[in-house]
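If you want the building blocks of each chain, they are given just below.
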Amino acid sequence: MILTDLLPAPWRAELTPLLDGDRLRALSAFVTAEYAEHTVYPPIDDLFAAYRLCPPDRTRVLILGQDPYHGPGQAHGLSFSVNDGVRIPPSLRNVFRELAEDVGVAPPTSGDLRGWAKQGVLLLNAVLTVRARTAASHAGKGWEAFTDATIRALNAREDRVVFLLWGGYARKKAALITNPAHVVLQAGHPSPLNREGFRGARPFSAANKALADAGRPVINWDPRG
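Worth saying up front: this structure is predicted, and the values here are computed from it rather than measured.

With respect to the layout of surface pockets
- In this structure, the largest pocket encloses a volume near 530 Å³.
- Surrounding the largest pocket, 31 residues form its lining, Asp67, Pro68, Tyr69, Ser91 and His189 being those nearest its centre.
- Put simply, the parts of the chain that give the lining of the largest pocket at least two residues each are strand 2 (61-65), helix 4 (90-103) and helix 7 (168-171).
- Taken together, the residues of the lining of the largest pocket sort by class into 16 nonpolar, 14 polar and 1 charged.
- In this structure, the second largest pocket occupies an estimated 170 Å³ of space.
- Surrounding the second largest pocket, Leu18, Leu19, Asp20, Arg23, Leu24, Leu27, Gly142, Ala145, Phe146 and Arg152 form its lining.
- Listed by contribution, the elements that provide at least two residues to the lining of the second largest pocket are helix 2 (21-37) and helix 6 (143-155).
- Here the residues of the lining of the second largest pocket sort into 6 nonpolar, 1 polar and 3 charged.

Written as structure tokens, this is what we have:
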């Protein structure tokens, strides 16, 4: 299995020129073996859900996470999101609290963020797979170059993209965003372990202002539609 073969065609065309072939093959071999030998999240059918729901020409906002949730039934290919019916994780609860204070959206009872993705919010993790119950177990295996290529592809686009970088890890990716057409909005991580830097950042209204300033449609931040 070569991972790019699983990508939707528009993303495959964008990313293939930006990826080193040897590193891609090594990552593909690692991921294939992990799925064969261990419980890995998200399910392989959801591996590229973020890309499937949000084509490059429709991407208006990118929200970058670190790696998928590692508990049963949580990860489904979108950063911070969980399937309907799954308990909302603490970080996402903080996102919803900020959402209410920032743009007046009542906290949803479901953590499913597909409603954002379908509007052009690319919910991307820097590492796209994880072994069950072992956080960051697939970090440093090559996914970072893959997702950095995704950021570079969006950076090369002419239409404005707003990059929401939350937490120290995500904020390091700001160096990849060099096109003045785009806007980078940085904040602390929404984890409850981080006591400052996220709450009060007002990222949702700021993202919509940046889109409106560029003549792009704004996001309806209520994931329920």
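Focus on the UniProt feature "active site" (unreviewed entry) in the chain
- The UniProt record marks Asp67 with the feature "active site" (unreviewed entry), using the residue numbering of this structure.
- Here the side chain of Asp67 touches Ala136 through a polar contact of 2.7 Å, landing on its backbone nitrogen.

Things to note about a nonpolar patch on the surface
- Among the surface-exposed residues, Met1, Leu6 and Ile44 lie close enough to one another that they form a single nonpolar patch of about 250 Å² accessible area.
- By the element assignment, Ile44 lies in the loop between strand 1 (40-41) and helix 3 (49-53).

A word on the UniProt feature "domain: Uracil-DNA glycosylase-like" (unreviewed entry) in the chain
- Residues annotated in UniProt with the feature "domain: Uracil-DNA glycosylase-like" (unreviewed entry) correspond here to residues 52-211.
- The distance separating the terminal C-alpha atoms of residues 52-211 is 22 Å; by composition the span is 29% helix and 14% strand.

Here's the deal with unusual backbone geometry
- Look at the link from Tyr41 to Pro42: it is a cis peptide, with omega at -5°.
- Relative to the helices and strands, Pro42 is located in the loop between strand 1 and helix 3.
- Of note, the phi angle at Arg133 is positive, near 60°, even though the residue is not glycine.
- Within the element layout of this structure, Arg133 appears in the loop between strand 4 (130-131) and helix 6.
- The phi torsion at Ala136 lies on the positive side, around 60°, for a residue other than glycine.
- Mapped onto the secondary structure, Ala136 falls in the loop between strand 4 and helix 6.

Calculation criteria
- Residues numbered from 1 in each chain as written.
- Predicted model: local features only at pLDDT ≥ 70, side-chain atom pairs only at ≥ 80, totals over all residues.
- Heavy atoms only, no water.
- 1 Å grid on protein atoms, 1.4 Å probe; cavity = no way out; pocket = protein on both sides within 12 Å on 5 of 7 lines; lining within 4 Å.
- Points joined across faces, edges and corners; volume = space filled by probe spheres on them.
- Helix = DSSP H or I, 4+ residues; strand = E, 2+ residues; numbered from the N terminus.
- Nonpolar A, V, L, I, M, F, W, Y, C, P; charged D, E, K, R; others polar.
- UniProt positions renumbered as here; feature names shortened; annotations may be inferred.
- Polar contact = N/O pair within 3.5 Å; in protein donor to acceptor, adjacent residues only side chain to side chain.
- Patch = residues over 30% accessible without salt bridge, like charges linked within 9 Å, V, L, I, M, F, W, Y side chains within 5 Å.
- Areas by Shrake-Rupley, 256 points an atom, 1.4 Å probe, with all protein chains shown as cover.
- Salt bridge = Lys/Arg side-chain N within 4 Å of Asp/Glu carboxyl O.

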